[in-house]
Amino acid sequence: MVRNVAGELPELEDEDFYLLSGVEQGMRFSEWVQREKLPKFTSLTEEEVDYRLERCLKRGLIEKKTIQYEGYTLQFEGYDTLALRALVERDTIGEFGSPLGVGKESDVYEVRSYKPLALKYHREGYTNFREVHKERDYTSENDHVSWMYTARKAAEREHEILEELYPDVSVPQPIDQNRHAIVMEKMDGVELSRTRLEADQVLGVLDLLVSEIANAHANGYVHADMSEYNVFVNEEGVKIFDWPQAVPTDHENAGEFLRRDLTNIVGYFRRKYPQHVPDDLESDDLADSIEDESFETISEFVA
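Computed from a prediction, not measured in an experiment: that's the story for all the values here. All chains use their own residue numbering, which begins from 1 and follows the written sequence. Given that this is a predicted model, residues contribute local features only at a pLDDT of at least 70 and side-chain atom pairs are listed and counted only at 80 or more, while totals for whole chains, interfaces and linings are drawn from all residues. The side-chain quantities take in all heavy atoms of the structure and omit both hydrogens and water.

Peer 1: I'm lost on the overall build of the protein in this one. Help?
Peer 2: Secondary structure summary: the protein contains 9 helices and 13 strands in total. Dimensions of the protein, computed from C-alpha atoms along their principal axes, come out at roughly 75 × 40 × 30 Å. Between buried and exposed lies partly exposed: a residue is buried under 20% and exposed over 50% of the maximum accessible area for its type, with that area taken using a 1.4 Å probe on protein chains only. Looking at the protein as a whole, 51% of its 303 residues are labelled buried. Partitioning the contacts of the protein with sequence separation of at least 6, the portion at a separation of at least 24 is 62%. Calculation of accessible area relied on Shrake-Rupley with a 1.4 Å probe; when residues are assessed, cover is drawn exclusively from the protein chains displayed. Taken as a whole, the protein presents about 15100 Å² of accessible surface, with 42% of it coming from carbon and sulfur. His is not counted here, nor are the chain ends, while Lys and Arg score as positive and Asp and Glu score as negative. Lysine's charge is taken at NZ, arginine's at CZ, aspartate's at CG and glutamate's at CD. In the protein, 34 side chains carry a positive charge and 64 a negative one; their mean positions are 7 Å apart. Strands are runs of DSSP state E lasting at least two residues, helices are runs of H or I lasting at least four, and both sets are numbered from the N terminus onward. The contact criterion used is simple: two residues touch if any of their non-hydrogen atoms lie within 4.5 Å.

If you want it as structure tokens, here you go:
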């Protein structure tokens, strides 16, 4: 988990942000930004650059190397700081709270504005950049692509998809986005993987979930990474989150991804509630009905 930098914000000065923004700008061209280029990228004097480098290094916001040349790169903490400051200046965020979830590709925190919200930092590419770059459609074809670019594109893509799906599909309401960070509504309820449903709830919740998968398809998207870990359940129904890898329904592999999503979900319910999920409920049949827009309820598919 990347360190929470919210407490650093009040201690930083405008010139510190000029330095961080300058390193960010330089990283568009190279993973490591040469020290001699920083005055140009930051509009700071040589002396001011040195002073700000020392402050940002001390706080773990940047990293230094001196192998072939003296160079600097942003740490994720530095990138978090830039995104967080932008969201605070827009009045999107007023207070910073506790962690809500930590995963391989994101960290999520509770934040507050006019109501409790969730701040999601995308972490794609930070530790497994090559794998993410190879598998995700939103990565660039350029020779130089940094983890910073990959994480930002993931956030932009997820925010765009949420805006297109909400409110027709039960997804978190998107609020704002900057760099690799998204602010969205805080979801109530419990993650499906941690929920123990009563016998009379099992097929009802599964039906709600398949219905939302169908709604998303009707609105142009397949989630492409559905599991019990990206669904919240509460008294009002279900909510599907984590959409950066979603594909449009005209994608060449959309049908395959849809079937995989349904296989994952039906398989999860069948493993956890074997006595309540009929053997004749087939994910391929569900996918066919979703694709031809005839799906209404899973009761049509069980004897």
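Peer 1: What should I look at first to understand the environment of Asp16 in this one?
Peer 2: Structurally, Asp16 can be placed in helix H1 (residues 14–26). Sequence spacing of Asp16 and Leu53 is 37 residues, and the spatial spacing of their C-alpha atoms is 8.1 Å.

Peer 1: Which parts of the structure should I look at to understand the domain arrangement of the protein?
Peer 2: Frequently, the measure chosen for interface size is the accessible area that the parts lose on association. As assigned here, the protein comprises domain 1 (6–185) and domain 2 (190–300). Look at where the C-alpha atoms of domain 1 and domain 2 centre, and you get two points 32 Å apart. With 20 residues of domain 1 at the contact, the number on the domain 2 side is 17 residues. Here the quantity called buried area is the total loss of accessible area, with a 1.4 Å probe, experienced by two parts when brought into contact, counted for both. Here domain 1 meets domain 2 over a buried area of about 1500 Å², counting both sides, of which 54% is carbon and sulfur. Its salt-bridge partner being Glu185, residue Lys239 comes within 3.4 Å of it at the nearest N-O pair. The definition of a polar contact used here is a pair of N or O atoms within 3.5 Å, where within protein one atom must be able to donate a hydrogen and the other to accept one, and adjacent residues in sequence count solely through side-chain atom pairs. In this assembly, domain 1 and domain 2 are joined by 9 residue pairs in polar contact (both at pLDDT 80 or more). Elements supplying a minimum of two residues to the side of domain 1 that touches domain 2: strand S6 (116–122) and helix H6 (147–165). Broken down by element, the side of domain 1 that touches domain 2 gets its largest block of residues, 8 residues, from H6. For the side of domain 1 that touches domain 2, the per-class residue count stands at 8 nonpolar, 2 polar and 10 charged. For each domain, the first and last residues come from an automatic or database assignment. Salt-bridge detection follows one rule: a side-chain nitrogen of Lys or Arg within 4 Å of a carboxyl oxygen of Asp or Glu. Note on residue categories: nonpolar means Ala, Val, Leu, Ile, Met, Phe, Trp, Tyr, Cys or Pro, charged means Asp, Glu, Lys or Arg, and polar means any other residue, Gly included.

Peer 1: Explain empty space enclosed by the protein to me, please; I cannot follow it from the model alone.
Peer 2: Unfilled space is identified by rolling a water-sized probe across the atoms. Grid points spaced at 1 Å over the protein atoms alone were grouped into cavities, where a 1.4 Å probe fits but cannot get out, and pockets, open sets with protein on both sides within 12 Å along at least five of seven lines, with lining residues defined by an atom within 4 Å of a point. Grid points are joined across faces, edges and corners, and a volume is the space filled by probe spheres set on the points. Scanning all chains against the criterion turns up 1 cavity of 30 Å³ or more. Of the voids in this model, the largest cavity is the one considered here, and its volume is about 60 Å³. Ile213, Ala216, His217, Tyr221, Val222, His223, Met226, Ile240, Trp243, Leu258 and Asp261 are the residues that line the largest cavity. Elements that contribute at least two residues to the lining of the largest cavity include exactly helix H7 (202–218), strand S10 (221–222) and helix H8 (254–272). Looking at the lining of the largest cavity residue by residue, the classes come out as 8 nonpolar, 2 polar and 1 charged.

Peer 1: Can you walk me through a negative patch on the surface in this structure?
Peer 2: Taken together, the side chains of Asp279, Asp280, Glu282 and Asp285 present a region of like negative charge at the surface. Among the secondary structure elements, Asp285 is positioned in helix H9 (residues 283–291). Residues enter patches when they are more than 30% accessible in relative terms and free of salt bridges; like-charged ones are connected within 9 Å and nonpolar ones (Val, Leu, Ile, Met, Phe, Trp, Tyr) within 5 Å.

Peer 1: Just checking my understanding: could you explain the pairing of strand S7 (residues 174–178) for this structure?
Peer 2: Summarising burial for S7: 4 of the 5 residues are buried, a large majority. Taking the residues that link successive antiparallel strands as the turn, the S7-strand S8 (residues 181–185) hairpin has 2 residues, and the phi of Arg179 there is positive, at about 55°. At least two bridges found by DSSP between two strands are what make those strands a pair.

Peer 1: Even after reading the chapter, I still don't get the pairing of strand S12 (residues 237–240), so can you show me in this structure?
Peer 2: Every other side chain in a regular strand lies on the same face of the sheet, so the side chains alternate between the two faces. One ladder, built from 4 bridges, connects strand S11 (residues 231–234) with S12; its direction is antiparallel. Paired with Asn234 across the strands is Gly237, a residue of S12. Turn length for the S11-S12 hairpin, with the two strands adjacent in sequence and antiparallel, is 2 residues.

Peer 1: I tried to follow unusual backbone geometry on my own but got confused; where do I start?
Peer 2: Across residues other than glycine, the phi torsion is negative in most instances, and most of the peptide bonds are trans. In the segment running from Tyr166 into Pro167, the intervening peptide bond is cis, with an omega of 0°. At Asp242, a position not held by glycine, the phi torsion is positive, near 65°. As for its position among the elements, Asp242 is in the loop between S12 and strand S13 (247–248). The backbone phi angle of Glu293 is positive, close to 60°, even though this residue is not glycine. Here Glu293 shows up in the segment after H9.

Peer 1: What is the right way to look at the sheet that holds S11 in this model?
Peer 2: The strands making up a sheet are joined through hydrogen bonds of the backbone, oriented either antiparallel or parallel. Reading across the sheet, the 3 strands line up as S9-S11-S12 and stay open at both edges, with antiparallel pairing between neighbours. Only two strands of the sheet have a single neighbouring strand rather than two, namely strand S9 (190–191) and S12. Across the sheet, H7 lies against S11 and S12, angled at about 40° from S12, the strand it touches most. Here an axis means a line fitted to C-alpha atoms, over the contact stretch when the element is a helix, while the angle between two N-to-C directions is reported on a 0 to 180 degree scale.

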